[in-house]
Amino acid sequence: MTDTPTHTTHASNVTDPGGELRFPDGFLWGTATAAFQIEGAAALRGPSIWDTFCRTPGKVYGGHTGDVAVDHHRLWREDVGLMSELGLGAYRFSVSWPRVLAGGIGFYDELVDELLAQGIRPCVTLYHWDLPQELEDAGGWPERETAYAFAQYAQQVADVLADRVELWTTLNEPWCSAFLGYASGVHAPGRTSPADSLRAAHHLNLAHGLAAAALPAGTRVGIALNPSAVRPLTGSAADLDAARRIDALANRIFTGPLLNGAYPQDLLADTASLTDWSFVRTGDEALIRQPLDFLGVNYYTPAVVSAAPDGNGPRADGHGATSHSPWPAADTVAFHQPPGEQTDMGWSIDPTGLYDLLMRFTREAPGLPLMVTENGAAYAPDLHDPQRIGYLQAHLATIHRALADGAPVGGYFLWSLLDNFEWSYGYSKRFGIVHVDYDTQVRTPRSSAHWYARLARKGVLEGAL
(Lines give C-alpha, C1' and ligand atoms only; values in the text may rest on other atoms or scores of the structure.)
Protein backbone atom coordinates (compact mmCIF):
# COMPACT_ATOMS: atom_id res chain seq x y z
CA MET A 1 0.00 0.00 0.00
CA THR A 2 1.33 3.43 -0.86
CA ASP A 3 1.38 6.44 1.43
CA THR A 4 0.73 8.67 -1.57
CA PRO A 5 -2.82 9.98 -1.18
CA THR A 6 -5.45 9.55 -3.83
CA HIS A 7 -5.50 12.85 -5.65
CA THR A 8 -7.59 15.42 -3.90
CA THR A 9 -9.72 17.96 -5.69
CA HIS A 10 -11.50 21.09 -4.64
CA ALA A 11 -14.12 23.08 -6.49
CA SER A 12 -12.94 26.32 -7.99
CA ASN A 13 -14.84 28.69 -10.21
CA VAL A 14 -17.77 26.87 -8.66
CA THR A 15 -20.58 28.46 -10.63
CA ASP A 16 -20.73 28.81 -14.38
CA PRO A 17 -23.14 31.13 -16.14
CA GLY A 18 -26.58 29.62 -16.55
CA GLY A 19 -26.66 27.90 -13.18
CA GLU A 20 -24.07 25.23 -14.02
CA LEU A 21 -21.73 23.72 -11.44
CA ARG A 22 -18.29 22.74 -12.70
CA PHE A 23 -16.41 19.91 -11.02
CA PRO A 24 -12.63 19.97 -10.79
CA ASP A 25 -10.45 18.54 -13.51
CA GLY A 26 -9.54 14.96 -12.69
CA PHE A 27 -12.72 14.26 -10.73
CA LEU A 28 -13.48 10.57 -11.20
CA TRP A 29 -16.88 9.72 -12.72
CA GLY A 30 -17.93 6.10 -12.47
CA THR A 31 -20.60 3.54 -11.73
CA ALA A 32 -20.68 0.63 -9.31
CA THR A 33 -22.00 -2.94 -9.24
CA ALA A 34 -21.63 -6.05 -7.08
CA ALA A 35 -20.76 -9.56 -8.21
CA PHE A 36 -23.70 -11.48 -6.77
CA GLN A 37 -26.17 -8.89 -8.03
CA ILE A 38 -25.14 -9.03 -11.68
CA GLU A 39 -22.89 -11.93 -12.60
CA GLY A 40 -25.01 -15.07 -12.55
CA ALA A 41 -23.09 -18.15 -13.76
CA ALA A 42 -23.66 -19.76 -10.37
CA ALA A 43 -22.53 -23.16 -11.65
CA LEU A 44 -19.05 -21.72 -12.24
CA ARG A 45 -18.47 -20.76 -8.62
CA GLY A 46 -18.97 -22.20 -5.18
CA PRO A 47 -22.07 -21.44 -3.09
CA SER A 48 -22.25 -18.29 -1.01
CA ILE A 49 -24.40 -17.33 1.95
CA TRP A 50 -26.67 -15.50 -0.48
CA ASP A 51 -27.31 -18.66 -2.50
CA THR A 52 -28.42 -20.36 0.70
CA PHE A 53 -30.46 -17.35 1.85
CA CYS A 54 -32.26 -17.11 -1.49
CA ARG A 55 -33.36 -20.72 -1.14
CA THR A 56 -34.73 -20.21 2.37
CA PRO A 57 -38.51 -19.75 2.01
CA GLY A 58 -39.74 -16.25 2.71
CA LYS A 59 -36.34 -14.58 2.81
CA VAL A 60 -36.18 -13.08 -0.70
CA TYR A 61 -39.03 -11.51 -2.65
CA GLY A 62 -40.61 -13.96 -5.07
CA GLY A 63 -38.06 -16.64 -4.26
CA HIS A 64 -35.66 -14.83 -6.61
CA THR A 65 -32.04 -15.96 -6.78
CA GLY A 66 -28.73 -14.77 -8.16
CA ASP A 67 -28.24 -17.87 -10.29
CA VAL A 68 -28.53 -15.88 -13.53
CA ALA A 69 -28.91 -12.32 -12.23
CA VAL A 70 -28.34 -10.12 -15.31
CA ASP A 71 -25.90 -12.58 -16.89
CA HIS A 72 -22.92 -10.23 -16.67
CA HIS A 73 -20.54 -13.18 -16.55
CA ARG A 74 -21.56 -13.88 -20.16
CA LEU A 75 -22.35 -10.32 -21.32
CA TRP A 76 -19.50 -8.46 -19.67
CA ARG A 77 -17.97 -7.24 -22.93
CA GLU A 78 -21.30 -5.67 -23.88
CA ASP A 79 -21.50 -4.04 -20.44
CA VAL A 80 -17.99 -2.61 -20.71
CA GLY A 81 -18.94 -1.33 -24.15
CA LEU A 82 -21.93 0.45 -22.62
CA MET A 83 -19.67 2.14 -20.09
CA SER A 84 -17.35 3.21 -22.85
CA GLU A 85 -20.22 4.63 -24.91
CA LEU A 86 -21.36 6.59 -21.86
CA GLY A 87 -17.88 8.05 -21.43
CA LEU A 88 -17.44 6.78 -17.88
CA GLY A 89 -13.98 7.09 -16.43
CA ALA A 90 -14.16 4.38 -13.78
CA TYR A 91 -15.96 1.18 -12.86
CA ARG A 92 -16.20 -0.10 -9.31
CA PHE A 93 -16.98 -3.82 -9.26
CA SER A 94 -16.70 -6.54 -6.65
CA VAL A 95 -14.88 -9.83 -6.94
CA SER A 96 -16.80 -12.95 -5.98
CA TRP A 97 -14.91 -14.78 -3.24
CA PRO A 98 -16.71 -18.07 -4.05
CA ARG A 99 -15.78 -17.68 -7.73
CA VAL A 100 -12.12 -17.17 -6.88
CA LEU A 101 -12.18 -20.25 -4.63
CA ALA A 102 -13.55 -22.20 -7.60
CA GLY A 103 -10.66 -21.10 -9.82
CA GLY A 104 -12.55 -18.32 -11.58
CA ILE A 105 -10.13 -15.42 -11.09
CA GLY A 106 -9.51 -15.41 -14.84
CA PHE A 107 -12.88 -13.74 -15.39
CA TYR A 108 -11.71 -10.65 -13.52
CA ASP A 109 -8.32 -10.76 -15.20
CA GLU A 110 -10.03 -10.44 -18.60
CA LEU A 111 -12.47 -7.83 -17.32
CA VAL A 112 -9.67 -5.60 -16.07
CA ASP A 113 -7.82 -5.85 -19.37
CA GLU A 114 -10.93 -4.86 -21.32
CA LEU A 115 -11.72 -1.95 -19.00
CA LEU A 116 -8.21 -0.59 -19.44
CA ALA A 117 -8.41 -1.08 -23.20
CA GLN A 118 -11.58 1.06 -23.20
CA GLY A 119 -9.96 3.78 -21.08
CA ILE A 120 -12.00 2.91 -17.97
CA ARG A 121 -10.26 2.80 -14.60
CA PRO A 122 -10.97 -0.47 -12.74
CA CYS A 123 -11.73 -0.15 -9.02
CA VAL A 124 -11.91 -3.46 -7.16
CA THR A 125 -14.05 -4.22 -4.11
CA LEU A 126 -12.88 -7.42 -2.47
CA TYR A 127 -16.04 -8.14 -0.48
CA HIS A 128 -19.62 -7.20 -1.25
CA TRP A 129 -21.46 -9.62 1.06
CA ASP A 130 -21.08 -12.98 -0.74
CA LEU A 131 -19.26 -14.95 1.96
CA PRO A 132 -18.45 -18.52 0.85
CA GLN A 133 -20.99 -20.83 2.48
CA GLU A 134 -18.23 -23.10 3.76
CA LEU A 135 -16.92 -20.24 5.89
CA GLU A 136 -20.38 -19.52 7.26
CA ASP A 137 -20.70 -23.21 8.09
CA ALA A 138 -17.54 -22.80 10.16
CA GLY A 139 -19.08 -19.86 12.05
CA GLY A 140 -18.97 -16.96 9.59
CA TRP A 141 -17.96 -13.42 10.48
CA PRO A 142 -18.47 -13.88 14.23
CA GLU A 143 -15.39 -16.15 14.10
CA ARG A 144 -11.90 -14.70 14.02
CA GLU A 145 -10.64 -17.24 11.50
CA THR A 146 -12.88 -15.69 8.82
CA ALA A 147 -10.82 -12.50 8.92
CA TYR A 148 -7.63 -14.45 8.26
CA ALA A 149 -9.29 -16.38 5.44
CA PHE A 150 -10.27 -13.04 3.93
CA ALA A 151 -6.68 -11.80 4.06
CA GLN A 152 -5.53 -14.91 2.18
CA TYR A 153 -8.22 -14.36 -0.44
CA ALA A 154 -7.23 -10.68 -0.78
CA GLN A 155 -3.64 -11.73 -1.41
CA GLN A 156 -4.79 -14.23 -4.04
CA VAL A 157 -6.77 -11.57 -5.92
CA ALA A 158 -3.98 -9.02 -5.64
CA ASP A 159 -1.45 -11.48 -7.05
CA VAL A 160 -3.46 -11.49 -10.29
CA LEU A 161 -4.88 -7.95 -10.53
CA ALA A 162 -2.70 -5.54 -8.56
CA ASP A 163 -0.28 -4.97 -11.43
CA ARG A 164 -3.10 -3.19 -13.30
CA VAL A 165 -5.59 -2.11 -10.62
CA GLU A 166 -4.67 0.86 -8.45
CA LEU A 167 -7.88 1.57 -6.49
CA TRP A 168 -9.10 -1.08 -4.01
CA THR A 169 -11.81 -1.19 -1.39
CA THR A 170 -11.53 -4.03 1.06
CA LEU A 171 -15.14 -4.21 2.28
CA ASN A 172 -18.42 -2.75 1.13
CA GLU A 173 -20.75 -1.62 3.92
CA PRO A 174 -19.54 -3.86 6.75
CA TRP A 175 -22.43 -2.50 8.84
CA CYS A 176 -24.85 -4.39 6.60
CA SER A 177 -22.80 -7.58 6.75
CA ALA A 178 -22.66 -7.49 10.54
CA PHE A 179 -26.03 -6.16 11.60
CA LEU A 180 -28.42 -7.05 8.78
CA GLY A 181 -26.79 -10.45 8.44
CA TYR A 182 -26.34 -11.42 12.09
CA ALA A 183 -28.75 -9.24 14.14
CA SER A 184 -31.93 -8.49 12.18
CA GLY A 185 -31.59 -11.42 9.77
CA VAL A 186 -32.94 -9.56 6.73
CA HIS A 187 -29.69 -10.25 4.85
CA ALA A 188 -27.70 -13.44 4.51
CA PRO A 189 -26.92 -15.48 6.49
CA GLY A 190 -30.16 -14.52 8.23
CA ARG A 191 -29.02 -14.95 11.82
CA THR A 192 -30.57 -13.02 14.71
CA SER A 193 -27.98 -12.85 17.48
CA PRO A 194 -27.15 -9.32 18.66
CA ALA A 195 -24.01 -10.53 20.43
CA ASP A 196 -22.79 -12.32 17.30
CA SER A 197 -23.41 -9.20 15.23
CA LEU A 198 -20.97 -7.26 17.40
CA ARG A 199 -18.39 -10.03 17.05
CA ALA A 200 -18.97 -9.95 13.30
CA ALA A 201 -18.43 -6.20 13.18
CA HIS A 202 -15.06 -6.55 14.89
CA HIS A 203 -13.90 -9.38 12.68
CA LEU A 204 -14.94 -7.44 9.58
CA ASN A 205 -12.83 -4.55 10.86
CA LEU A 206 -9.98 -6.96 11.47
CA ALA A 207 -10.42 -8.42 7.99
CA HIS A 208 -10.04 -4.93 6.55
CA GLY A 209 -6.82 -4.35 8.46
CA LEU A 210 -5.32 -7.69 7.50
CA ALA A 211 -6.25 -7.29 3.83
CA ALA A 212 -5.04 -3.69 3.65
CA ALA A 213 -1.69 -4.79 5.06
CA ALA A 214 -1.50 -7.61 2.51
CA LEU A 215 -2.11 -5.46 -0.57
CA PRO A 216 1.13 -4.53 -2.33
CA ALA A 217 2.91 -1.23 -2.69
CA GLY A 218 1.53 0.90 -5.49
CA THR A 219 -2.10 0.19 -4.64
CA ARG A 220 -4.41 2.78 -3.11
CA VAL A 221 -6.57 1.18 -0.49
CA GLY A 222 -9.79 2.26 1.17
CA ILE A 223 -13.00 0.89 2.60
CA ALA A 224 -16.57 1.71 1.56
CA LEU A 225 -18.72 2.45 4.60
CA ASN A 226 -22.40 3.30 4.67
CA PRO A 227 -22.25 5.91 7.41
CA SER A 228 -25.53 7.16 8.75
CA ALA A 229 -26.44 10.83 9.04
CA VAL A 230 -28.18 10.36 12.39
CA ARG A 231 -30.47 13.16 13.49
CA PRO A 232 -32.45 13.51 16.73
CA LEU A 233 -36.18 14.05 16.34
CA THR A 234 -36.05 16.90 18.88
CA GLY A 235 -33.39 18.72 20.84
CA SER A 236 -34.30 16.98 24.08
CA ALA A 237 -31.53 15.35 26.09
CA ALA A 238 -33.19 11.94 25.62
CA ASP A 239 -33.38 12.28 21.83
CA LEU A 240 -29.81 13.54 21.64
CA ASP A 241 -28.67 10.51 23.60
CA ALA A 242 -30.64 8.23 21.26
CA ALA A 243 -28.80 9.79 18.32
CA ARG A 244 -25.47 9.31 20.11
CA ARG A 245 -26.23 5.63 20.71
CA ILE A 246 -27.15 4.99 17.07
CA ASP A 247 -24.17 7.00 15.83
CA ALA A 248 -21.93 4.66 17.82
CA LEU A 249 -23.50 1.56 16.25
CA ALA A 250 -23.81 2.94 12.72
CA ASN A 251 -20.60 4.92 12.39
CA ARG A 252 -18.09 4.95 15.21
CA ILE A 253 -17.96 1.16 15.59
CA PHE A 254 -16.04 1.32 12.30
CA THR A 255 -14.43 4.77 12.22
CA GLY A 256 -13.19 4.41 15.81
CA PRO A 257 -10.69 1.65 15.08
CA LEU A 258 -10.21 2.62 11.41
CA LEU A 259 -9.28 6.23 12.07
CA ASN A 260 -8.31 6.34 15.74
CA GLY A 261 -7.18 2.82 16.59
CA ALA A 262 -9.80 2.26 19.30
CA TYR A 263 -13.45 1.45 19.78
CA PRO A 264 -15.38 4.30 21.41
CA GLN A 265 -15.94 3.87 25.14
CA ASP A 266 -19.62 4.76 24.96
CA LEU A 267 -20.19 1.94 22.45
CA LEU A 268 -18.57 -0.55 24.82
CA ALA A 269 -20.69 0.74 27.71
CA ASP A 270 -23.92 0.74 25.68
CA THR A 271 -23.45 -2.91 24.65
CA ALA A 272 -22.04 -4.27 27.94
CA SER A 273 -25.25 -6.20 28.56
CA LEU A 274 -24.52 -8.25 25.42
CA THR A 275 -20.76 -8.73 25.45
CA ASP A 276 -17.59 -7.85 27.32
CA TRP A 277 -15.77 -7.39 23.98
CA SER A 278 -13.15 -9.95 25.01
CA PHE A 279 -13.01 -11.05 21.38
CA VAL A 280 -10.95 -7.90 20.73
CA ARG A 281 -7.39 -9.06 21.30
CA THR A 282 -4.39 -6.93 22.18
CA GLY A 283 -3.10 -5.30 19.00
CA ASP A 284 -6.30 -5.76 17.00
CA GLU A 285 -7.29 -2.10 17.00
CA ALA A 286 -3.81 -0.99 15.92
CA LEU A 287 -3.89 -3.58 13.14
CA ILE A 288 -7.27 -2.31 11.95
CA ARG A 289 -5.86 1.22 11.76
CA GLN A 290 -3.91 0.70 8.56
CA PRO A 291 -3.01 3.82 6.55
CA LEU A 292 -6.01 4.65 4.37
CA ASP A 293 -5.55 6.19 0.94
CA PHE A 294 -9.22 7.16 0.80
CA LEU A 295 -12.47 6.64 2.65
CA GLY A 296 -15.48 5.51 0.62
CA VAL A 297 -18.86 6.95 1.56
CA ASN A 298 -22.07 5.20 0.46
CA TYR A 299 -25.13 7.38 1.01
CA TYR A 300 -28.84 7.09 0.28
CA THR A 301 -30.91 8.58 3.12
CA PRO A 302 -30.56 9.98 6.66
CA ALA A 303 -31.89 8.50 9.93
CA VAL A 304 -34.18 10.30 12.37
CA VAL A 305 -34.33 8.89 15.89
CA SER A 306 -35.87 9.59 19.27
CA ALA A 307 -35.96 8.06 22.70
CA ALA A 308 -38.51 5.29 23.25
CA PRO A 309 -38.15 4.35 26.91
CA ASP A 310 -40.73 1.55 26.68
CA GLY A 311 -39.01 0.02 23.67
CA ASN A 312 -42.17 0.23 21.60
CA GLY A 313 -41.36 3.13 19.31
CA PRO A 314 -41.58 3.02 15.50
CA ARG A 315 -38.93 1.00 13.64
CA ALA A 316 -38.89 2.75 10.26
CA ASP A 317 -35.12 2.41 9.90
CA GLY A 318 -35.20 1.58 6.17
CA HIS A 319 -33.56 -1.81 6.48
CA GLY A 320 -36.48 -4.18 5.92
CA ALA A 321 -39.36 -5.48 7.97
CA THR A 322 -38.40 -7.83 10.79
CA SER A 323 -39.17 -8.39 14.44
CA HIS A 324 -35.43 -8.40 15.14
CA SER A 325 -33.59 -5.10 15.37
CA PRO A 326 -30.29 -4.47 13.57
CA TRP A 327 -29.35 -2.15 16.45
CA PRO A 328 -27.92 -4.19 19.36
CA ALA A 329 -28.75 -2.90 22.84
CA ALA A 330 -30.75 -0.02 21.37
CA ASP A 331 -34.30 -1.12 22.16
CA THR A 332 -34.98 2.26 23.74
CA VAL A 333 -34.43 4.07 20.43
CA ALA A 334 -37.23 4.73 17.94
CA PHE A 335 -36.71 5.41 14.21
CA HIS A 336 -38.96 7.81 12.33
CA GLN A 337 -39.71 8.17 8.63
CA PRO A 338 -38.44 11.61 7.59
CA PRO A 339 -40.99 13.78 5.78
CA GLY A 340 -40.95 14.48 2.05
CA GLU A 341 -40.48 12.51 -1.14
CA GLN A 342 -39.28 8.92 -1.11
CA THR A 343 -37.67 6.56 -3.61
CA ASP A 344 -39.20 3.19 -4.45
CA MET A 345 -37.24 1.77 -1.52
CA GLY A 346 -39.27 3.98 0.81
CA TRP A 347 -36.14 5.99 1.58
CA SER A 348 -36.49 9.71 2.23
CA ILE A 349 -34.72 11.94 -0.28
CA ASP A 350 -32.47 14.31 1.62
CA PRO A 351 -29.05 15.15 0.13
CA THR A 352 -28.14 17.33 3.12
CA GLY A 353 -27.25 14.13 4.95
CA LEU A 354 -24.51 13.47 2.42
CA TYR A 355 -23.14 16.97 2.88
CA ASP A 356 -23.10 16.52 6.64
CA LEU A 357 -21.19 13.25 6.38
CA LEU A 358 -18.59 14.58 3.94
CA MET A 359 -17.93 17.58 6.14
CA ARG A 360 -17.83 15.42 9.26
CA PHE A 361 -15.11 13.19 7.83
CA THR A 362 -13.26 16.26 6.57
CA ARG A 363 -13.15 17.48 10.17
CA GLU A 364 -12.47 14.13 11.83
CA ALA A 365 -9.80 12.90 9.41
CA PRO A 366 -8.09 16.00 8.00
CA GLY A 367 -6.31 15.31 4.74
CA LEU A 368 -7.92 11.92 4.15
CA PRO A 369 -9.28 11.82 0.58
CA LEU A 370 -12.94 10.90 0.24
CA MET A 371 -14.85 9.08 -2.48
CA VAL A 372 -18.61 8.81 -2.84
CA THR A 373 -18.53 5.10 -3.62
CA GLU A 374 -22.32 4.60 -3.88
CA ASN A 375 -25.27 6.91 -4.40
CA GLY A 376 -28.42 6.39 -6.43
CA ALA A 377 -32.13 5.65 -6.32
CA ALA A 378 -34.66 2.94 -7.17
CA TYR A 379 -37.60 3.98 -9.31
CA ALA A 380 -40.12 2.46 -11.71
CA PRO A 381 -38.76 0.47 -14.68
CA ASP A 382 -39.57 3.22 -17.20
CA LEU A 383 -36.87 4.22 -19.68
CA HIS A 384 -37.62 7.88 -19.10
CA ASP A 385 -36.70 8.46 -15.46
CA PRO A 386 -36.75 12.17 -14.55
CA GLN A 387 -37.13 11.32 -10.84
CA ARG A 388 -33.78 9.53 -10.83
CA ILE A 389 -32.15 12.43 -12.67
CA GLY A 390 -33.57 14.82 -10.08
CA TYR A 391 -32.25 12.64 -7.25
CA LEU A 392 -28.78 12.45 -8.76
CA GLN A 393 -28.70 16.12 -9.61
CA ALA A 394 -29.58 17.14 -6.05
CA HIS A 395 -26.96 14.88 -4.50
CA LEU A 396 -24.25 15.92 -6.93
CA ALA A 397 -25.01 19.58 -6.24
CA THR A 398 -24.52 18.75 -2.57
CA ILE A 399 -21.17 17.10 -3.29
CA HIS A 400 -20.14 20.19 -5.21
CA ARG A 401 -21.11 22.31 -2.22
CA ALA A 402 -18.97 20.11 0.02
CA LEU A 403 -16.05 20.44 -2.39
CA ALA A 404 -16.39 24.21 -2.30
CA ASP A 405 -16.37 24.04 1.50
CA GLY A 406 -13.14 22.07 1.58
CA ALA A 407 -14.16 18.41 1.50
CA PRO A 408 -11.49 16.44 -0.41
CA VAL A 409 -13.88 14.41 -2.59
CA GLY A 410 -12.06 12.80 -5.52
CA GLY A 411 -14.82 10.91 -7.29
CA TYR A 412 -18.39 9.67 -7.55
CA PHE A 413 -19.64 6.16 -8.31
CA LEU A 414 -23.31 6.05 -9.26
CA TRP A 415 -25.30 3.07 -8.01
CA SER A 416 -25.91 1.35 -10.29
CA LEU A 417 -24.93 0.73 -13.87
CA LEU A 418 -27.56 -2.00 -14.38
CA ASP A 419 -30.86 -3.08 -12.92
CA ASN A 420 -30.00 -6.12 -10.84
CA PHE A 421 -30.74 -8.47 -7.96
CA GLU A 422 -31.52 -6.13 -5.07
CA TRP A 423 -30.81 -8.53 -2.20
CA SER A 424 -33.91 -9.41 -0.15
CA TYR A 425 -36.03 -7.39 -2.59
CA GLY A 426 -35.05 -9.71 -5.45
CA TYR A 427 -35.68 -8.13 -8.84
CA SER A 428 -38.52 -5.91 -7.61
CA LYS A 429 -36.40 -2.75 -7.20
CA ARG A 430 -34.50 -1.10 -10.03
CA PHE A 431 -31.48 1.11 -9.40
CA GLY A 432 -29.92 0.96 -12.87
CA ILE A 433 -29.30 3.83 -15.22
CA VAL A 434 -29.41 1.02 -17.77
CA HIS A 435 -32.70 -0.90 -17.96
CA VAL A 436 -32.44 -4.68 -18.12
CA ASP A 437 -35.22 -6.85 -19.53
CA TYR A 438 -34.89 -9.83 -17.20
CA ASP A 439 -36.46 -12.21 -19.72
CA THR A 440 -34.15 -11.37 -22.61
CA GLN A 441 -31.21 -9.66 -20.82
CA VAL A 442 -31.44 -6.81 -23.33
CA ARG A 443 -29.83 -3.62 -21.99
CA THR A 444 -31.33 -0.21 -22.80
CA PRO A 445 -29.85 3.01 -21.40
CA ARG A 446 -32.39 5.16 -19.58
CA SER A 447 -32.64 8.94 -19.81
CA SER A 448 -30.54 9.08 -16.66
CA ALA A 449 -27.73 7.21 -18.41
CA HIS A 450 -27.56 9.80 -21.18
CA TRP A 451 -27.77 12.60 -18.61
CA TYR A 452 -24.93 11.07 -16.59
CA ALA A 453 -22.87 10.55 -19.74
CA ARG A 454 -23.01 14.29 -20.49
CA LEU A 455 -21.97 15.05 -16.94
CA ALA A 456 -19.09 12.58 -17.04
CA ARG A 457 -17.78 13.98 -20.33
CA LYS A 458 -18.07 17.66 -19.43
CA GLY A 459 -17.68 17.64 -15.65
CA VAL A 460 -20.49 20.17 -15.49
CA LEU A 461 -23.75 19.73 -13.59
CA GLU A 462 -26.31 21.52 -15.66
CA GLY A 463 -29.24 23.49 -14.27
CA ALA A 464 -28.31 22.75 -10.67
CA LEU A 465 -29.22 26.13 -9.24
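Higher on the page you've got the structure.
Residues numbered from 1 in each chain as written. Predicted model: local features only at pLDDT ≥ 70, side-chain atom pairs only at ≥ 80, totals over all residues. Heavy atoms only, no water.

1. Details of the overall build of the protein chain
Across its full length, the protein chain holds 15 helices and 16 strands. A globule of 465 residues ought to have a C-alpha radius of gyration of about 23 Å, and the protein chain, at 21 Å, matches this closely. Principal-axis analysis of the C-alpha atoms gives the protein chain an extent of 55 × 50 × 45 Å. Here the protein chain, with 465 residues, has 61% of them falling under the buried criterion. Partitioning the contacts of the protein chain with sequence separation of at least 6, the portion at a separation of at least 24 is 78%. Between the averaged position of the 32 positive side-chain charges in the protein chain and that of its 52 negative side-chain charges there is a distance of 1 Å. (Helix = DSSP H or I, 4+ residues; strand = E, 2+ residues; numbered from the N terminus. Rg over C-alpha atoms; globule rule 2.2 N^0.38 Å. Buried < 20%, exposed > 50% of the residue type's maximum accessible area, 1.4 Å probe, protein only. Contact = heavy atoms within 4.5 Å. Lys, Arg positive; Asp, Glu negative; His and termini not counted. Charge placed at Lys NZ, Arg CZ, Asp CG, Glu CD.)

2. So, the sheet that holds strand S4 (residues 90–94)
Spatially, the eight strands close up into a barrel ordered S3-S4-S5-S6-S7-S9-S12-S13, and their pairing is parallel. Pairs of neighbouring strands in the sheet enclose a mean axial angle of 25°, with direction left out of account. Pairing geometry for strand S5 (residues 121–127) and strand S6 (residues 167–172), over four bridges, is parallel. When the bridges of S6 are listed, cysteine 123 appears paired with leucine 167. (Pairing = 2+ DSSP bridges. Axes fitted to C-alpha atoms, helices over the stretch in contact; angles between N-to-C directions.)

3. Focus on the sheet that holds strand S10 (residues 303–307)
The sheet built from three strands is open, its strands ordered S8-S10-S11 with mixed pairing. Each edge of the open sheet is held by one strand with a lone partner, namely strand S8 (230–232) and strand S11 (333–336). Strand-to-strand, the axes of this sheet are offset by a mean angle of 40°, without reference to chain direction. Summarising the sheet, S8 and S10 pair through three bridges and their orientation is parallel. What sits directly across from valine 230, in S10, is alanine 303. This element, helix H10 (residues 237–260), spans S8, S10 and S11 of the sheet and lies at about 130° to S10.

4. With respect to the packing of helix H8 (residues 174–182) against helix H9 (residues 194–214)
Two numbers describe a pair of packed helices, the interaxial angle and the distance between the axes. Remark: H8 packs on H9, axes separated minimally by 8 Å, with the N-to-C direction vectors making an angle of 160°. Taken together, the axes of H8 and H9 lie roughly antiparallel to each other. The handedness of the crossing between H8 and H9 is right-handed. Of the residues in H9, those touching H8 at Pro174, Ser177, Ala178, Phe179 and Tyr182 are Pro194, Asp196, Ser197, Leu198, Ala200, Ala201 and Leu204. Split into classes, the residues belonging to the contact of H8 with H9 amount to nine nonpolar, two polar and one charged. (Parallel < 35°, antiparallel > 145°, perpendicular 65-115°, else oblique. Left-handed = near helix turned anticlockwise from the far one by under 90°. Nonpolar A, V, L, I, M, F, W, Y, C, P; charged D, E, K, R; others polar.)

5. A look at the packing of helix H14 (residues 386–404) against helix H15 (residues 447–458)
Viewed as axis vectors pointing N to C, H14 and H15 meet at an angle of 30°, and their least axial separation amounts to 9 Å. Compared by their axis directions, H14 and H15 come out roughly parallel. Contacts from Arg388, Ile389, Leu392, Gln393 and Leu396 in H14 reach Ser447, Ser448, Trp451 and Leu455 in H15. Counted by class, the contact of H14 with H15 contains five nonpolar, three polar and one charged residues.

6. Comments concerning the nonpolar core
Judged by nonpolar contacts, the single largest core of 156 residues is most densely connected at Trp50, Trp141, Phe150, Trp168, Leu358, Ile399 and Tyr412. Counting residues per element, this core draws most heavily on H10, at ten residues. (Core = buried A, V, L, I, M, F, W, Y, C linked by side-chain atoms within 4.5 Å.)

7. A word on the pairing of S5
The buried count for S5 comes to six of seven residues, which makes it a mostly enclosed element. Relative to S5, S4 is paired through five bridges, and the arrangement is parallel. The partner of tyrosine 91 across the bridge, within S5, is proline 122.

8. Concerning the pattern of salt bridges
The tally for this structure, following the rule as stated, stands at 30 salt bridges. Taking the shortest distance from any N to any O, the salt bridge between aspartate 79 and arginine 443 comes out at 2.8 Å. You can see aspartate 79 sitting in helix H3 (residues 72–85) and its partner arginine 443 sitting in strand S15 (residues 443–445), a full 364 residues away along the chain. For the pair formed by aspartate 79 and arginine 443, the shared burial category is buried. Between aspartate 163 and arginine 164 there is a salt bridge whose closest N-O contact spans 3.0 Å. One network of salt bridges, with partners in common, ties together Asp241, Arg244, Arg245, Asp247, Arg252, Asp266, Asp270, Arg360 and Glu364. (Salt bridge = Lys/Arg side-chain N within 4 Å of Asp/Glu carboxyl O.)

Scope: geometric values only; no functional claims are made or implied.
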